[in-house]
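Notes for the structure review
Given next are the chains, with one letter for each unit.
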Amino acid sequence: MSSKDWIEKDFYAVLGVDKAASADDIKKAYRKVARESHPDHNPGDPKAEERFKAASEAYNVLSDSGRRREYDEMRSLFGSGAFRRNARGGGQPGGMPFDVSDMFGGGAGGDRRFGGAGFQDLFSSIFSGGQAGGQAAPRGPARGRDVETEVGLDFGDAVRGVTLPLTLRAPGVCDTCHGNGAKPGTQPRTCPVCHGAGVTTRNQGSFSFSEPCRNCQGVGTVVEEKCPECHGSGGVTKTRTMNVRFPAGVADGQRIRLAGRGEPGERGGPAGDLFVHVKVRPDELFGRTGDDLTLTVPVTFAEAVLGTDLRVPTLDGAVTLRVPPGTPSGRVLRARGKGVVRRDGQAGDLLVTLDVVVPARLSDEARTALESFAEQTPPAAREHLDARVRRVS
């Protein structure tokens, strides 16, 4: 992504959020757009693929607080009139002829990605007190973009941990040139203009600007004979399968980062990261609260009154719980250590909620026995309620 892109593209509008949106709001908006426009959900739809790429590009900048601040500063600087537009689309800082498209490498060679660092390079002389004609910091091949995907896990696998193969159709390193962009048998050579630095410095009146080298597009090397497979980019879109380890206790909505498994950088640049969003499918019996598992068990009225031993399932077997006599409905029994295993090796608990079931129908014998029981049972303590009823009657 070039610095010119930062000026021309409204990343907030791409994600549909306000400029003052919080990091959580930006993340939620990105996940919504990415889910709706993901190529896997819209096969053969080039517009959806473009929306997905634009959302990833926007999130890659706005999710990083430092890059977001630079993006806002750059947009504010150019939007405030610090550079006045001229007929060619450039500007005039301090009244001097100046073309923004030249500044950002919009001439011969086209636009390239610079990982969002262009702002610091272009304005380092202004904001860091650099001297005119100073030596620019060396650049290199641009880092690849981050890639995101979503994986559904069964409840038990999420609690215990699991390793699953993950197949992605995404940019990967070209197998023909191994990422350097050059035809097999040849090698990229050092750029003769920037001498491998990737940037050049030029004076503009009283200012000195560092900009990506137009000859090598900021990479520091040039490819004279391009790879026939990737056409010099070093990457191609292909299907990749990798084994991903989901740790025990991974939660629904959690994001796992796989460093260096995202989109490869151009011409041998470092790869971005792969972020896997976890979607845990609900279990028919168990729920989860933090590191504790939850389970609701129905018991009869007689079991609650007289007490009983209950055999209940866990994710790795079964346990016996003692129900004390006189147990009310809704009471929670605890099976220690039968929940989610934490990173320190300790485990949460299984929380069993008792639900006293009231039968809808009774046999004649059961009804007679229950009526006899009711005659022998003390009434419920409702004196405080009866007193209020008498006052309002």
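Parameters and conventions
- As a convention, each chain's residues are numbered from 1 in the sequence order in which they are written.
- Owing to the predicted nature of the model, reporting of local features is limited to residues with pLDDT of at least 70; listing and counting of side-chain atom pairs is limited to 80 or more, with chain, interface and lining totals taken over all residues.
- Side-chain measures here rest on the full set of heavy atoms in the structure, leaving out hydrogens and waters.
- Patches here: salt-bridge-free residues with over 30% relative accessible area, like charges joined within 9 Å, nonpolar side chains (Val, Leu, Ile, Met, Phe, Trp, Tyr) joined within 5 Å.
- Using a 1.4 Å probe, accessible areas were evaluated by the Shrake-Rupley method; residue-level cover was limited to the displayed protein chains.
- We define a salt bridge as a side-chain nitrogen of Lys or Arg found within 4 Å of a carboxyl oxygen belonging to Asp or Glu.
- Helix and strand labels come from DSSP, where a helix needs a run of H or I of at least four residues and a strand needs a run of E of at least two; each type is numbered from the N terminus.
- Strands were regarded as paired on the criterion that DSSP finds at least two bridges between them.
- Only the contacting stretch of a helix is used when fitting its axis, a line to C-alpha atoms as for every element, and angles between N-to-C directions run 0 to 180 degrees.
- Only protein chains enter the area calculation, which uses a 1.4 Å probe; residues under 20% of their type maximum are buried, those over 50% are exposed, and those in between are partly exposed.
- Remark: nonpolar core denotes a set of buried residues (Ala, Val, Leu, Ile, Met, Phe, Trp, Tyr, Cys) joined through side-chain atoms within 4.5 Å.
- In what follows, a contact means two residues having at least one pair of non-hydrogen atoms within 4.5 Å.
- Two rings from Phe, Tyr or Trp (for Trp, the six-membered ring) form a pair when their centres are within 6.5 Å of each other. A pair whose planes differ by under 30 degrees is stacked, one over 60 is edge-to-face, and the rest are tilted.
- For classification purposes, angles smaller than 35 degrees are called roughly parallel, those larger than 145 roughly antiparallel, those between 65 and 115 roughly perpendicular, and all remaining angles oblique.
- Each crossing gets its hand from how the near helix is turned against the far one by less than a right angle, where anticlockwise is left-handed and clockwise is right-handed.

Judged by side-chain polarity, Phe 301, Val 305, Leu 306, Leu 362, Leu 370 and Phe 373 come together as a nonpolar surface patch covering roughly 510 Å² of accessible area. Broken down by secondary-structure element, the contributors of at least two residues to the nonpolar patch are helix H10 (301-306) and helix H11 (364-376). It is H10 that provides the largest number of residues to the nonpolar patch, a total of three residues. Mapping Phe 301 onto the fold places it in helix H10.

This part covers the sheet that holds strand S14 (residues 332-335). An order of S10-S11-S15-S14 is seen for the four strands of this open sheet, with the pairing classed as mixed. Two strands bound the open sheet, and with one partner strand each, they are strand S10 (287-289) and S14. The mean inter-strand angle of the sheet, taken between neighbouring strand axes irrespective of direction, is 35 degrees. In terms of strand pairing, strand S11 (residues 292-300) meets strand S15 (residues 350-357) through eight bridges, oriented parallel. Looking at S15, one finds that Pro 298 is bridged to Asp 355.

The next thing to look at is unusual backbone geometry. The phi angle at His 195 is positive, at roughly 55 degrees, despite the residue not being glycine. The topology assignment puts His 195 in the loop between strand S3 (189-190) and strand S4 (199-204). Residue His 195 is classed as exposed on the basis of its relative accessible area of 65%.

Here we take up the nonpolar core. Residues Leu 153, Leu 166, Phe 246, Leu 274, Val 276, Val 312 and Val 352 are the most contacted members of the largest nonpolar core, which totals 37 residues. In contact with Leu 153, other than residues within four places in its own chain, are Ala 158, Val 162, Leu 164, Phe 246, Val 250, Val 278, Lys 279, Val 280 and Arg 281. The next biggest cluster of nonpolar side chains, apart from the first, holds 17 residues, and it includes Ala 21, Ala 29, Phe 52 and Ala 55.

Right, let's talk about the environment of Asp 154 for a bit. The residue Asp 154 is located in the loop between strand S1 (147-153) and helix H9 (155-160) in this model. Among the residues examined, Asp 154 registers a relative accessible area of 39% and is labelled partly exposed. The residues contacting Asp 154, other than those within four sequence positions of it, are Val 280 and Arg 281.

Summed over all chains, the structure comprises four aromatic pairs. Judged by centre distance (6.1 Å) and plane angle (45 degrees), the ring pair of Tyr 12 and Tyr 71 falls under tilted. Highlighted residues: Tyr 12 in helix H2 (residues 11-15) and Tyr 71 in helix H5 (residues 65-79), separated in sequence by 59 residues. For the pair shown, Tyr 12 and Tyr 71 are each scored as buried. Considering the side-chain rings of Tyr 30 and Tyr 59, the 4.3 Å spacing of their centres and the 10 degrees angle between planes classify their relative orientation as stacked.

The next thing to look at is the pattern of salt bridges. Overall, the coordinates contain twelve salt bridges when judged by the stated rule. Across the salt bridge formed by Glu 148 and Arg 255, the nearest N and O atoms sit 3.4 Å from each other. Linking Glu 148 in strand S1 with Arg 255 in strand S8 (residues 255-258), this pair joins segments that are 107 residues apart in sequence. A residue is classified by how much of its surface remains accessible, and Glu 148, at 10% relative accessible area, is buried. Each of the salt bridges in this network shares a partner with another, and the network as a whole consists of Arg 143, Asp 146, Arg 257 and Asp 273.

With respect to the helices and strands, the residue Ala 54 is situated in helix H4 (residues 46-62). A C-alpha to C-alpha distance of 9.8 Å links Ala 54 and Val 33, two positions 21 residues apart in sequence.

A separate point is the packing of helix H3 (residues 23-37) against H4. Look at H3 against H4: their axes get within 9 Å of each other, and the N-to-C directions meet at 160 degrees. The angle between H3 and H4 places the two elements in the roughly antiparallel class. Here H3 runs over H4; the crossing is left-handed. Contacts between H3 and H4 involve Ile 26, Lys 27, Tyr 30, Val 33, Ala 34 and Ser 37 on the former and, on the latter, Ala 48, Glu 49, Arg 51, Phe 52, Ala 55, Ser 56, Tyr 59 and Leu 62.

Function-wise, these values are silent; they only describe arrangement.
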